[in-house]
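# Secondary and tertiary structure notes
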Amino acid sequence: MNKSLDTSIFIADVCGTLFYDDTTLGLLAHHFSRQPDRLWRLRVLKSMTVRYSPLRLSTMILERLTRKHLLKHLLVRMLANDTVVSLEDSAQEYAVWLLKEKKVDSVWEILDPALKKQQVILASASLEPVIAALSERLGLQYVSSELESLDGVLTGYYRNDLTGKKIQALNTMIGYDFNDNQYDAISDNLTDYNLLNGARKAFVVLHNESHRERWLGLNATYLRLKE
């Protein structure tokens, strides 16, 4: 169900914006929990993401030194040899749970009217299976990070990591420079600064009041969440 491209566009981030969850980590956790014979992956994921764990702290230090998002690439490596279909099945289940349990109500109060009168596009650096599942249920288009696969089997690598590349992906999907069109955008992610800065209406989701200073210079409506 795609609206005409003559309609103004509304770009929505997903993780931490539409939902109280990191959907890459959430999808991996749900997927790993569905395979009892390989539960070691779930234990590794938890050890690498729980606050103050030595593995997480070490990874954070390396990320700062290299200026690369190492954690998600390390976690995606554990998908190697899983089938694309099995991950898509996990994503469908996880998407149902997100829509039922994790919606950010104040953000959806902005999104729901846009769904009726604008072309809403989900733009996320999260993994395609979960963004595709959410988009299918909402009747929307999307851009997302893509996983590499061979003959229906995941290699454990990204084919395209969308972090910092949303504008280019949106231009490719839409077929023209969408910056020439009037659009609105919402995100909690500082890597989306340029995307929000070019918007007709920009909405910034704040999980902490101290995060407001990160967005200095941006003309936006700020939504402070109570978590």
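These figures come from a predicted structure and were not determined experimentally.

## Here's the deal with the sheet that holds strand S7 (residues 221-224)
Spatially, the seven strands line up as an open sheet ordered S4-S3-S2-S1-S5-S6-S7, and their pairing is mixed. The outermost strands of the open sheet, each flanked by one partner alone, are strand S4 (153-160) and S7. The average angle at which neighbouring strand axes cross in this sheet is 25°, direction not considered. Where strand S2 (residues 119-127) lies against strand S3 (residues 141-150), four bridges are found, and the strand directions are parallel. From the neighbouring strand, Ile121 faces S3, where its bridge partner is Gln141. Against the sheet, helix H7 (residues 128-138) touches S2 and S3, its axis set at about 155° to S2.

## Digging into the layout of surface pockets
What the second largest pocket holds in volume is close to 240 Å³. Lining the second largest pocket are 16 residues, with Val84, Glu88, Glu128, Pro129 and Ala132 sitting closest to its centre. Elements represented by at least two residues in the lining of the second largest pocket include exactly helix H5 (84-101), H7, S3 and S4. Per element, the largest residue contribution to the lining of the second largest pocket is six residues, and it comes from H5. Looking at side-chain class alone, the lining of the second largest pocket contains eight nonpolar, two polar and six charged residues.

## Some words on unusual backbone geometry
At Asn81, a position not held by glycine, the phi torsion is positive, near 80°. Within the element layout of this structure, Asn81 appears in the loop between helix H4 (70-77) and H5. At Asp151, a position not held by glycine, the phi torsion is positive, near 55°. Mapping Asp151 onto the fold places it in the loop between S3 and S4.

Thresholds applied
The written sequence of each chain sets the order in which its residues are numbered from 1. At least 70 in pLDDT is required for a residue's local features to be given in this predicted model, at least 80 for side-chain atom pairs to be given and counted, and no such filter applies to totals for whole chains, interfaces and linings, which use all residues. Processing note: side-chain calculations cover all non-hydrogen atoms of the structure and skip hydrogens and water entirely. A pair of strands counts as paired when DSSP detects no fewer than two bridges linking them. In this text, helices come from DSSP runs of H or I with a minimum length of four residues, and strands from runs of E with a minimum of two, each type numbered from the N-terminal end. Helix axes are fitted only over the stretch in contact, all axes being lines through C-alpha atoms; the angle between N-to-C directions runs from 0 to 180 degrees. Note on contacts: a residue pair is in contact if any heavy atoms of the two residues lie within 4.5 Å. Points on a 1 Å grid, built from protein atoms alone, make a cavity when a 1.4 Å probe fits but cannot get out and make a pocket when they are open with protein on both sides within 12 Å along at least 5 of 7 lines; residues with an atom within 4 Å of a point are the lining residues. Grid points are joined across faces, edges and corners, and a volume is the space filled by probe spheres set on the points. Ten residues, namely Ala, Val, Leu, Ile, Met, Phe, Trp, Tyr, Cys and Pro, are considered nonpolar, four, namely Asp, Glu, Lys and Arg, are considered charged, and the remaining ones, Gly among them, are considered polar.

These values are about where atoms sit, not about what they do.
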